[in-house]
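# Coordinate inspection notes
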Amino acid sequence: MQSTALSAKALAPNGRWVSFACRARSMQDDWYWNFRLVSATIGVGISVTDRGYPGVLIETQGNNVVQQLTYDNQPLQILLHSGGEGWHGVWTGPHHCLIMSFPDDQVDPGAVTTVLDQLVLTDTAAGLVVTPRAGDTTTWSLYGVKFTSGGAVTMYAAEDAAGLVPAEPGKAVEHGHVWAKSLEVDGVLRGRKYIHAGPKAVCTIDDETEKNLGVGAVDQEELLQSLDVRWGV
């Protein structure tokens, strides 16, 4: 299959539109979002996914449903990891899921409802917008992930990710510049990551060409050359 021009647009959890375009053989329809929600009393990791993703947590990642509840007339599941690696509260809306990740093994449904009580959730086909209610609750470190045949792209708004962009000049591509960074752990090379900086977004793409994930060098190069991600307002 030949690469073609592909594009998509969605609402990020902060209510901003994000557009994604590239040349690739394929691109998943789903968008995945992650951020931290913090206040004086809570600190929790949040993921916004499609409605089918909790099934992946159950079927392939060792999570078990330990409680089935409702919140605001919507399904609410409590998932516990069988390996003792924390638990999740999963709120399922008409179009998307909001997944709250807790690090300990003491399941507490009250902690889930405490988080949900501090949020206004507006779920449409375009995206799940998560708005903190009045108070000190805030969100930070928001990023999105989109999967293509050229690799997975992690997307940050340009103003939130200036620290990721190297000072030295990068390679010019169609919609920005690209840098290649080697990843070393204790002096051992552990792979390579690409940084793509455009006018409205900074993206990272892991070099997956040697991981037997079906990503070829030509696919990855086409993605890096054509990627155009833009965070709107």
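Being a predicted model, the structure only gives us computed values, none of them experimental.

Here the focus is the sheet that holds strand β17 (residues 228-231). Neighbouring strands of a sheet are bound in pairs by backbone hydrogen bonds; such pairs are parallel or else antiparallel. Pairing is antiparallel across the open sheet formed by three strands, whose spatial order is β1-β2-β17. Of all strands in the sheet, those bounded by a partner on one side alone are β1 (4-11) and β17. Ignoring strand direction, the axes of neighbouring strands in this sheet form an average angle of 10°. Packed onto the sheet, helix α3 (residues 217-226) meets β2 (17-24) and β17 and runs at close to 135° relative to β2.

We now examine the nonpolar core. Residues Phe 20, Trp 33, Met 100, Val 115, Leu 227, Val 229 and Trp 231 are the most contacted members of the largest nonpolar core, which totals 44 residues. Ranked by size, the runner-up nonpolar core spans six residues in total, among them Tyr 156, Trp 179, Ala 197 and Val 202.

In this sheet, strand β11 (residues 138-148) lies alongside strand β3 (residues 32-38) in antiparallel orientation, the contact comprising six bridges. Residue pairing across strands places Trp 33 opposite Gly 144, the latter belonging to β11. Where β11 lies against strand β12 (residues 151-157), five bridges are found, and the strand directions are antiparallel. Within β12, the position partnered with Phe 147 by the bridge is Ala 152. Hairpin connection of β11 to β12: two residues between the antiparallel strands.

With a phi angle near 55°, Asp 72 is a residue other than glycine that sits in the positive phi range. Unlike most non-glycine residues, Asn 73 shows phi in positive territory, near 65°. Mapped onto the secondary structure, Asn 73 falls in the loop between β5 (63-71) and β6 (74-81). Asn 73 gets classed as exposed once you look at its relative accessible area, which sits at 75%.

Further remarks concern the packing of aromatic side chains. Applying the stated criterion to the full structure yields seven aromatic pairs. Both rings, one in Trp 31 and one in Trp 33, keep their centres 5.6 Å apart while their planes meet at 5°; by these two values the pair is stacked. Between the aromatic rings of Tyr 32 and Tyr 53, the centroid separation amounts to 5.6 Å while the plane-to-plane angle is 65°, which identifies the pairing as edge-to-face. Of the two residues, Tyr 32 sits in strand β3 while Tyr 53 sits in helix α1 (residues 53-60), which places them 21 residues apart along the sequence. Exposure remark for Tyr 53: the relative accessible area of 23% places this residue in the partly exposed category. An aromatic cluster is present here, built from Phe 20, Trp 31, Trp 33 and Trp 231 joined pairwise through their rings. The ring of Trp 17 is capped by Lys 9, whose NZ or CZ atom sits 5.2 Å from the centre of that ring.

Our next topic: the pattern of salt bridges. Under the criterion given, the structure shown has nine salt bridges. Between Arg 16 and Glu 159 there is a salt bridge; the shortest N-O distance is 2.7 Å. In this pair, Arg 16 is assigned in the loop between β1 and β2 and Glu 159 in the loop between β12 and β13 (171-173), connecting sequence segments 143 residues apart. Exposure remark for Glu 159: the relative accessible area of 53% places this residue in the exposed category. Across the pair Lys 171 and Glu 221 runs a salt bridge, and its minimum N-O distance is 3.3 Å. Note that Lys 171 is positioned in strand β13 and Glu 221 in helix α3, a separation of 50 residues in sequence.

Rules of the game
Residues numbered from 1 in each chain as written. Predicted model: local features only at pLDDT ≥ 70, side-chain atom pairs only at ≥ 80, totals over all residues. Heavy atoms only, no water. Pairing = 2+ DSSP bridges. Helix = DSSP H or I, 4+ residues; strand = E, 2+ residues; numbered from the N terminus. Axes fitted to C-alpha atoms, helices over the stretch in contact; angles between N-to-C directions. Contact = heavy atoms within 4.5 Å. Core = buried A, V, L, I, M, F, W, Y, C linked by side-chain atoms within 4.5 Å. Buried < 20%, exposed > 50% of the residue type's maximum accessible area, 1.4 Å probe, protein only. Phe/Tyr/Trp six-rings, centres within 6.5 Å; stacked < 30°, edge-to-face > 60°. Lys NZ or Arg CZ within 6 Å of the ring centre and 35° of its normal. Salt bridge = Lys/Arg side-chain N within 4 Å of Asp/Glu carboxyl O.

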